[in-house]
Amino acid sequence: MKSLSLSQNKQPLQSISNRDGDLIPIRIDIEIEGRRFRENILWNIDEPYLTPENFAKIIAEENNLPPAFEHEIASVIRRGIAIYRPYFPQSIELYRVIELDIRIDNISLKDRFEWDINDPNNNPEEFAYHLCSELGLNAEFAVQIAHSIREQIVAYQRQAMEKREDRGRGIEDISQMKKSTRSLLESSNALSNIKSSFTTVQINENNYLRPIRFINNDTTDNLTDWEPRIEILDPNEIKKVEKLEERKARYAKRLR
């Protein structure tokens, strides 16, 4: 089986986010007759000239792919466009956790951070560019990072829109309303109990921040979960990671 991919560096990364229109992150992973094509693209929902079919034809020609790939590539893009819903951010902060788990060749990057999905000034491409500059990673990593961030942002925004719609419809089932009221009362009573047993400790220069020596020696601390981790994988580790990636890819296909 042969894996194929387009060159990721045909355009400066930071210029991508300056385009007009919503950008839809689309992951293409197609295997036909023992040949495999994988690529991540950002599709402009307001693209005035290029159709998914035209784009698929160009991709197939550039990579010497059989005609069957053209139809599949265009179909993947069409599905991505069909399920996309434009998001109109509210004027409130809405932080969500972004998880990065990216491998290119024998280098693995994992990271976790919070992202305000309501802030239009947050730029995945710019963030990826600076992160890779700080970590000494190449431009291919920056492209993968930005695409992963955009995928997760779109998923979180879809969830936020669904919650808005649910609140708009209200609670129609009276039994569900009673259950929610009962849970609210129980939570209120629990909060009252906590408040009554809560003791206040006066903040001073000795306890307002844990000394760094305690942080380093504290095995229960989760600070390491919120920092980038880079690993150089040996051949055996790469095989294990590839199997895991294949399982994830098959699962993602079933969800589409």
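For the structure, see preceding data.
Below, the structure is looked at part by part. Model, not experiment: these values are computed from the prediction.

Buried together is how nonpolar side chains tend to be arranged in soluble globular proteins. With 23 residues, the main nonpolar core has Ile98, Leu100, Trp115, Ile117, Phe141, Ile145 and Ile149 as its most contacted residues. Elements with a minimum of two residues in this core: strand S4 (95-104), strand S5 (107-116), helix H3 (124-135) and helix H4 (139-169). No other element matches H4, which puts nine residues into this core. Beyond its immediate chain neighbours, meaning those up to four positions away, Phe141 contacts Ile102, Ile104, Ile107, Leu109 and Cys132. Ile41, Ala60, Phe69 and Ile77 belong to the second largest nonpolar core, which has 19 residues in total.

A contiguous patch of positive charge on the surface is contributed by Lys239, Lys243, Arg247 and Arg250. Inspection of the secondary structure assignment puts Lys243 in helix H7 (residues 235-255). Owing to a relative accessible area of 58%, Lys243 belongs among the exposed residues under this scheme.

Before going further, it helps to spend a moment on the packing of H3 against H4. Two numbers describe how H3 lies on H4: the axes approach to 8 Å, and their chain directions differ by 140 degrees. One element, H3, and the other, H4, form an angle in the oblique class. In the packing of H3 onto H4, the handedness of the crossing is right-handed. On H4, the residues touching Pro124, Glu125, Phe127, Ala128, Leu131 and Cys132 of H3 are Phe141, Ala142, Ile145, Ala146, Ile149, Arg150 and Ile153. Considering only residue class, the contact of H3 with H4 consists of eleven nonpolar, no polar and two charged.

Calculation rules
- Residues numbered from 1 in each chain as written.
- Predicted model: local features only at pLDDT ≥ 70, side-chain atom pairs only at ≥ 80, totals over all residues.
- Heavy atoms only, no water.
- Core = buried A, V, L, I, M, F, W, Y, C linked by side-chain atoms within 4.5 Å.
- Buried < 20%, exposed > 50% of the residue type's maximum accessible area, 1.4 Å probe, protein only.
- Helix = DSSP H or I, 4+ residues; strand = E, 2+ residues; numbered from the N terminus.
- Contact = heavy atoms within 4.5 Å.
- Patch = residues over 30% accessible without salt bridge, like charges linked within 9 Å, V, L, I, M, F, W, Y side chains within 5 Å.
- Areas by Shrake-Rupley, 256 points an atom, 1.4 Å probe, with all protein chains shown as cover.
- Salt bridge = Lys/Arg side-chain N within 4 Å of Asp/Glu carboxyl O.
- Lys, Arg positive; Asp, Glu negative; His and termini not counted.
- Charge placed at Lys NZ, Arg CZ, Asp CG, Glu CD.
- Axes fitted to C-alpha atoms, helices over the stretch in contact; angles between N-to-C directions.
- Parallel < 35°, antiparallel > 145°, perpendicular 65-115°, else oblique.
- Left-handed = near helix turned anticlockwise from the far one by under 90°.
- Nonpolar A, V, L, I, M, F, W, Y, C, P; charged D, E, K, R; others polar.

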